[in-house]
2 protein chains.
Amino acid sequence: MASLLRNTNPLVSPLLTDKYQFTMAYAYWKGKRHQDHATFDLFYRRNPFKGSFAQFAGLDEILRFMSSFKITNDDLDFLKKDMSQCDPGYFKWLKNLDCSEVTIHAHKEGNIVFPKEPLVRVDGPLGILQLLETPFLNLTNYATLMTTNARRMRIAAGQDKTLLEFGCRRAQGPDGALSASRYSYIGGFDASSHVLAGKMFGIPIKGTHAHSWVSSMKDTSEINVRNLTYFKNGQKKEIDFVDFVLENQKKLGWTATNKGELAAFIDYALAFPTYFLGLVDTYDTLSSGIPNFLIVAYSLYQLGYLPIGVRLDSGKLSTLSRKTRKMFQDFAKKTSTPHFAKLKIVASNDINEGVLYDLKKEGSEIDIYGIGTHLVTCQAQPALGAVFKLVEINDEPRIKLSNSFGKITVPGKKNSYRLFGKNGQAITDVMTLFDEQPPQAHKQYTCCDFFDSHKKISVIPSKVEPLLQKVWDHKLIHKLPHVKEIKEFGDSQAQKFDPKLFQRKDPISYPVTLSSKLYEKMHQLWDEALAPQIFD
Amino acid sequence: MASLLRNTNPLVSPLLTDKYQFTMAYAYWKGKRHQDHATFDLFYRRNPFKGSFAQFAGLDEILRFMSSFKITNDDLDFLKKDMSQCDPGYFKWLKNLDCSEVTIHAHKEGNIVFPKEPLVRVDGPLGILQLLETPFLNLTNYATLMTTNARRMRIAAGQDKTLLEFGCRRAQGPDGALSASRYSYIGGFDASSHVLAGKMFGIPIKGTHAHSWVSSMKDTSEINVRNLTYFKNGQKKEIDFVDFVLENQKKLGWTATNKGELAAFIDYALAFPTYFLGLVDTYDTLSSGIPNFLIVAYSLYQLGYLPIGVRLDSGKLSTLSRKTRKMFQDFAKKTSTPHFAKLKIVASNDINEGVLYDLKKEGSEIDIYGIGTHLVTCQAQPALGAVFKLVEINDEPRIKLSNSFGKITVPGKKNSYRLFGKNGQAITDVMTLFDEQPPQAHKQYTCCDFFDSHKKISVIPSKVEPLLQKVWDHKLIHKLPHVKEIKEFGDSQAQKFDPKLFQRKDPISYPVTLSSKLYEKMHQLWDEALAPQIFD
């Protein structure tokens, strides 16, 4: 099974890494420590976007990377040249290296996660594990950040809105775009504009036309193909659609609209009579775009085609959407076409999480949001900062202290559990030593704060969920889920927590805690590691 | 020549695009307008990072994309299924589509550029041009933003510092990382940690070790290979380096430092005696990291190896670097080893443009900066927002108005020129109609503001540089330059402008202007396009 897996991006290889991984691996090998048994934790330190949670993603890509891990002869030639001072035996070792001695436990992709708890725990020989650090971080950092960002936008927009990812042109390169499409879908978006994401992942794709379509025409004389086929009483008929629309224009009294725009709408409707959605802000939304759209949409309607709606891409979206809705409603009344009152209003242009909350508050009439830049670049915080830290070697836990207090690691090979209360909501995620008794349902359990020995939570959980599941045991042990399954799991997770955790303003924080034994172990190692302060 | 070019990222394909490009292309095809001759401009609207310039990049990737443009049978199968309502003839047309009817003029990659001027001008049939929009934007937006960000950091750090890109783990996926390495190099960085960037682009790569290396050891009993080879009076000798270091430790009097850290430094020095650089903040920088480093470095020095220096990765970098330098200087004096006073101090950890200015002001003693997150994510502004707009069709210029004033386009197929003053500094970039007489050196020329008819600059340029060079004429017409050539060109451009343009605080702005004829044309079209305001 494993041999069939490929990286989504063919660029992904063991060389997608920092050079210091190869120098360290060399030094481990040279010092005969490369086969020492080690454990690394992948975790992040602070919740992104000033929030109280993240949503984990990237596991699928990590497992693909593990499956296909191979340093090619070409790679070796490059490394030999770049590290010419190194013993040639090292490169022989690299040539045969793979992930067959590694075990991986991880959170399920799409799970809601919290700072400091291991999202991925990696056990195996020190040498190969060191070489996994940068690729693992590259493949999970942006994935998790992006999924979290999408989830926050989904929460901001509400469940009843349709969310479309429009970021391909603003993402960080081709793969940034593809990842953005994948992870916004997992994080709660409904579809993407990105064709390659549709092809590769089966994500629904959407799109109609741009401003260039509208500005490409000057008037209806440029329309080359004028006839539209339609059906009346089951019979196929043809009509000069241009003349038909121009007559309707006169009847409706909107004769001073932009001529090029009207021609472009007609030409687009001729190509997509069953899916007519007009971008209405190329010249002026309310005085030209909407009337031109309505003239063409009404003509289609008379021939039995149901128009879809409009897209607003500039200006004050809440006001414009309300005025647009009013025009639709007035038109529906005037022409006795109730369908027109409920036409869809799509909005794009610089939408972010804050704008979504504002638009809701202002009572906008937008049905569908197309979000690009702020979604895919995670403008509010463009990096997650997850890290990959050595926590145990040869069965001895290791700690990393630091001149920055927040950078201290929780030592040792660990398990972690989510404890639920009677109402079905999660209470705390608790980390334990690897080999201690897990917390049990309906039994009292003491959870400790990281630093304050007096701060403890005593819990009688109604349910205990192990968070780290084995996903790689010398090889892949389950079939990888389809992106749709990951999305469905991701979409279902928020309900397991207090909704106040997800609010934008003053979200409550969720406690991540330690078992008593892990607390003791951590502080003992901390004391041992500190050197007396001999300089000042 | 063209057939040999491949996209850097194999994921890049005509499907790396928004679906609306394929729906529009269909509608053009269906309306028999796909062969209409069009011109699109790629440009951006506002300078990034609150600055007064950008540095253009991504042209190489655009040209590779053009060369390899091919919609595969696999792609067609997907499109046919997704756009099942479309006429099958469309897919036949797509199957044979390539860029052989397209002409491209562009700024040289690495050039300093300004808002609203075309960075790339594309001429050719409307259908194919529409399909180039999203890939072109994807391949230039982040490239230009990233190059500009790197250039700003180079300017902030000064020419005498070494700048290393360390962003692989924080970039937006695999390709974000690779692009970040490439474009930070073009933007003035010296090297990268990214191995794949070294292999693919020939960018110098750097790296030593991480915290995990240090925390992997508890004491010197874990060192498996103790002997170091060295040369004395031309003779090869061996020594138990561990014992040698431990003796030096006693002599130097630093006996209470962290034992694991000392062991790790010794083990690393054993692997890389000619390139010993220690990461000194795993436990405590000043009381453990620096003394441990000096003990090992001094031992190497005595055996004829020159140690390199240290890396600081947490804490207050200016203070720590000054204290470190003081310790190096004291040590050099005490041991009569002048080399130690000048050891390199590398700093990493959350460095951005502002921090670089601050560190300079605070008189830090840092020689080398390793910059990751803020560089590669362009945290200060993670998207450029370049656009690709139709400006002419069938020899008639087109304008796009908008409810947002700043989104108005400059119509028509244009040329653009950089006018230089007597001091060799650029004065203005002026856009002209395609077919009008270019400005000439030593002749007076009138440059108009975009909107204010009274605001004009009269210039007698000492030199006139055409900015748009032909790079694709139905096929690639020059060999693509190596990334090093692009970098050298990029590094040399800033000197052509007033240095005040590049300062962080209140940079002067650079005028982008229009010829009188283009000004007139633009405002005439604007008047024609506006519909009377019939709604309110």
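Throughout, residues of each chain are indexed from 1 in the direction in which the sequence is written. Going through the entries in the order they are written, you letter the chains from A and number the ligands from 1. Only residues with pLDDT of at least 70 get local features here, since the model is predicted, and only at 80 or more are side-chain atom pairs given and counted; chain-wide, interface and lining totals rely on the full set of residues. Side-chain measures here rest on the full set of heavy atoms in the structure, leaving out hydrogens and waters.

### Remarks on the overall build of chain A
Next, step 1: Strands here mean DSSP runs of E at least two residues long; helices mean DSSP runs of H or I at least four residues long; both are numbered from the N terminus. When helices and strands are tallied, chain A shows 16 helices and 22 strands.
Next, step 2: Projected onto the principal axes, the alpha-carbon positions of chain A cover approximately 90 × 55 × 55 Å.
Next, step 3: Note on classification: 1.4 Å probe, protein chains only; a residue is buried when its accessible area is under 20% of the maximum for its type, exposed when over 50%, partly exposed between these limits. Taking all 536 residues of chain A together, 65% fall into the buried category.
Next, step 4: The contact criterion used is simple: two residues touch if any of their non-hydrogen atoms lie within 4.5 Å. When contacts within chain A are restricted to residue pairs at least 6 apart in sequence, those whose partners lie at least 24 apart make up 74%.
Next, step 5: Counting rule for charge: Lys and Arg are taken as positive, Asp and Glu as negative, and neither His nor the chain ends is counted. Lysine's charge is taken at NZ, arginine's at CZ, aspartate's at CG and glutamate's at CD. Computed over 69 positive and 57 negative side-chain charges, the separation of the two mean positions in chain A equals 4 Å.

### Brief notes about the UniProt feature "domain: Nicotinate phosphoribosyltransferase N-terminal" (unreviewed entry) in chain A
Next, step 1: The positions UniProt marks with the feature "domain: Nicotinate phosphoribosyltransferase N-terminal" (unreviewed entry) are residues 15-141 of chain A.
Next, step 2: Note that residues 15-141 of chain A is 44% helix and 17% strand, and that its end C-alpha atoms are spaced 18 Å apart. UniProt positions are given in the numbering used here, feature names are shortened, and annotations may be inferred rather than shown by experiment.

### Observations regarding the sheet that holds strand β19 (residues 456-459) of chain B
Sheets are built from strands that pair by backbone hydrogen bonding, the pairs being arranged parallel or antiparallel.
All names here are of chain B.
Next, step 1: An order of β19-β18-β22-β17-β16-β20 is seen for the 6 strands of this open sheet, with the pairing classed as mixed. The sheet terminates laterally at β19 and β20 (463-466), the two strands that pair on one side only. Each strand of the sheet is rotated relative to its neighbour by a mean of 35°, with strand direction disregarded.
Next, step 2: On the sheet, helix α16 (residues 516-529) packs against β16 (414-420), β17 (426-433), β18 (445-448) and β22 (512-515) and is oriented at approximately 85° with respect to β22. Strands pair, by our definition, only if DSSP identifies at least two bridges between them. Lines fitted to C-alpha atoms define the axes here, with helix axes fitted over just the stretch in contact, and angles between the N-to-C directions of these axes take values from 0 to 180 degrees.

### Examining the domain arrangement of chain A
Interfaces are frequently sized by the accessible area removed from exposure as the parts join.
Residue and element names in this part refer to chain A.
Next, step 1: Domain borders in the structure are assigned automatically or taken from a domain database. Here chain A is described as being made up of domain 1 (2-151 + 381-529) and domain 2 (158-376).
Next, step 2: With centres defined by C-alpha atoms, the gap from domain 1 to domain 2 works out at 44 Å.
Next, step 3: If you look at the interface, domain 1 gives 25 residues, while domain 2 gives 21 residues.
Next, step 4: Overall, the association of domain 1 and domain 2 removes approximately 1900 Å² of surface from exposure, summing both partners, and the carbon and sulfur fraction of that is 58%. In this description, buried area is defined as the sum, over both parts, of the accessible area (probe of 1.4 Å) that is lost when the two are combined.

### Points about the interface of chain A and chain B
Next, step 1: Between chain A and chain B, the contact holds 126 residues from the first and 126 residues from the second.
Next, step 2: Across the interface of chain A and chain B, roughly 10700 Å² is buried in total on both sides, 58% from carbon and sulfur atoms.
Next, step 3: Looking at the side of chain A facing chain B, the largest losses of area belong to A:Leu11, A:Arg169 and A:Gln172, adding up to 8% of the total buried there.
Next, step 4: Here, a salt bridge means any Lys or Arg side-chain nitrogen found within 4 Å of an Asp or Glu carboxyl oxygen. Taken together, the connections running from chain A to chain B amount to 14 salt bridges.
Next, step 5: For A:Lys199, the salt bridge identified is with B:Asp75, shortest N-O distance 2.7 Å.
Next, step 6: Within 3.5 Å is the distance limit for a polar contact, defined as a pair of N or O atoms, with the added protein rule that one can donate a hydrogen and the other accept it, and that residues adjacent in sequence qualify only through two side-chain atoms. Our enumeration of links across chain A and chain B arrives at 52 residue pairs in polar contact (both at pLDDT 80 or more).
Next, step 7: In terms of residue count, the dominant contributor to the side of chain A that touches chain B is helix α1 (residues 19-30) of chain A (10 residues).
Next, step 8: Under the scheme applied, nonpolar residues are Ala, Val, Leu, Ile, Met, Phe, Trp, Tyr, Cys and Pro; charged residues are Asp, Glu, Lys and Arg; polar residues are all the others, including Gly. Looking at side-chain class alone, the side of chain A that touches chain B contains 57 nonpolar, 43 polar and 26 charged residues.

### Topic: the packing of aromatic side chains
Next, step 1: Each Phe, Tyr or Trp ring (for Trp, its six-membered ring) is paired with any other whose centre lies within 6.5 Å, and the angle between the two planes then decides the class: stacked below 30 degrees, edge-to-face above 60, tilted in between. For the structure on display, the rule yields 54 aromatic pairs over all chains.
Next, step 2: Taken together, a centroid distance of 6.3 Å and an interplanar angle of 65° make the contact between A:Tyr298 and A:Phe340 edge-to-face. Highlighted residues: A:Tyr298 in helix α11 (residues 285-302) and A:Phe340 in the loop between α12 (317-335) and β12 (344-347), separated in sequence by 42 residues.
Next, step 3: Aromatic side chains A:Phe451 and A:Trp526 sit 5.9 Å apart centroid to centroid with 75° between the ring planes, which places their arrangement in the edge-to-face category. Of the two residues, A:Phe451 sits in the loop between β18 (445-448) and β19 (456-459) while A:Trp526 sits in helix α16 (residues 516-529), which places them 75 residues apart along the sequence.
Next, step 4: The class of A:Trp526 is buried, set by a relative accessible area of 14%.
Next, step 5: In textbook terms, an aromatic cluster arises when at least three aromatic residues are bridged by ring pairs, as seen for A:Tyr26, A:Tyr28, A:Trp29, A:Tyr90, A:Phe91, A:Trp93, B:Trp213, B:Tyr268 and B:Phe272.

### Points about the side chain of A:Gln172
Next, step 1: Looking at where A:Gln172 falls in the secondary structure, it is placed in the loop between β6 (162-165) and α6 (173-186).
Next, step 2: By relative accessible area, A:Gln172 is classed as buried at 0%.
Next, step 3: Among the polar contacts made by the side chain of A:Gln172, one reaches the main-chain amide nitrogen of B:Gln172 at a distance of 3.5 Å.
Next, step 4: A polar atom in the side chain of A:Gln172 sits 3.5 Å from the backbone oxygen of B:Val376.
Next, step 5: Beyond its immediate stretch of four places on either side in the chain, A:Gln172 contacts B:Tyr142, B:Ala171, B:Gln172, B:Asp175, B:Gly176, B:Val376 and B:Thr377.

### Some points on unusual backbone geometry
All names here are of chain B.
Next, step 1: Despite not being glycine, Asn 233 shows a phi value in the positive range, around 50°.
Next, step 2: Inspection of the secondary structure puts Asn 233 in the loop between β8 (227-232) and β9 (235-240).
Next, step 3: At Asp 350, a residue that is not glycine, the phi angle is positive and equals roughly 55°.
Next, step 4: Mapping Asp 350 onto the fold places it in the loop between β12 (344-347) and α13 (353-361).

### A few points about the relation of the copies chain A and chain B
Next, step 1: A least-squares superposition brings the copies together, and it is based on the C-alpha atoms of residues with pLDDT no lower than 70 in both. Expressed as a screw operation, the relation of chain A to chain B combines 0.0 Å of axial shift with a rotation of 180°, fitting to an RMSD of 0.1 Å. When the rotation and shift are considered jointly, the pair of chain copies conforms to a two-fold rotation axis. Scanning chain A for the C-alpha nearest the rotation axis identifies A:Asp175, at a separation of 2.6 Å.
Next, step 2: An overlap of 100% is found between the interface residues of chain A and their copies at the interface of chain B, pointing to a shared contact surface.

### Concerning the pattern of salt bridges
Next, step 1: Applying the stated rule across the entire model yields 66 salt bridges over all chains.
Next, step 2: A salt bridge links A:Arg169 to B:Glu133; the nearest nitrogen and oxygen atoms lie 3.0 Å apart. Of this pair, A:Arg169 sits in the loop between β6 and α6 while B:Glu133 sits in helix α5 (residues 126-157), each in a different chain.
Next, step 3: Residue classification places B:Glu133 among the buried residues on the basis of a relative accessible area of 3%.
Next, step 4: Among the charged side chains, a network of salt bridges with common partners joins A:Lys218, A:Glu222, B:Glu396 and B:Arg398.

### Brief notes about the state of the cysteines
Disulfides are covalent bonds that link the sulfur atoms of two cysteine residues.
Next, step 1: When two cysteine sulfur atoms lie within 2.5 Å, the pair is treated as a disulfide. In this structure the tally under the stated criterion is 0 disulfides over all chains.
Next, step 2: Counting only cysteine sulfurs, A:Cys448 is the nearest neighbor of A:Cys447, a cysteine outside any disulfide, at a range of 7.5 Å.

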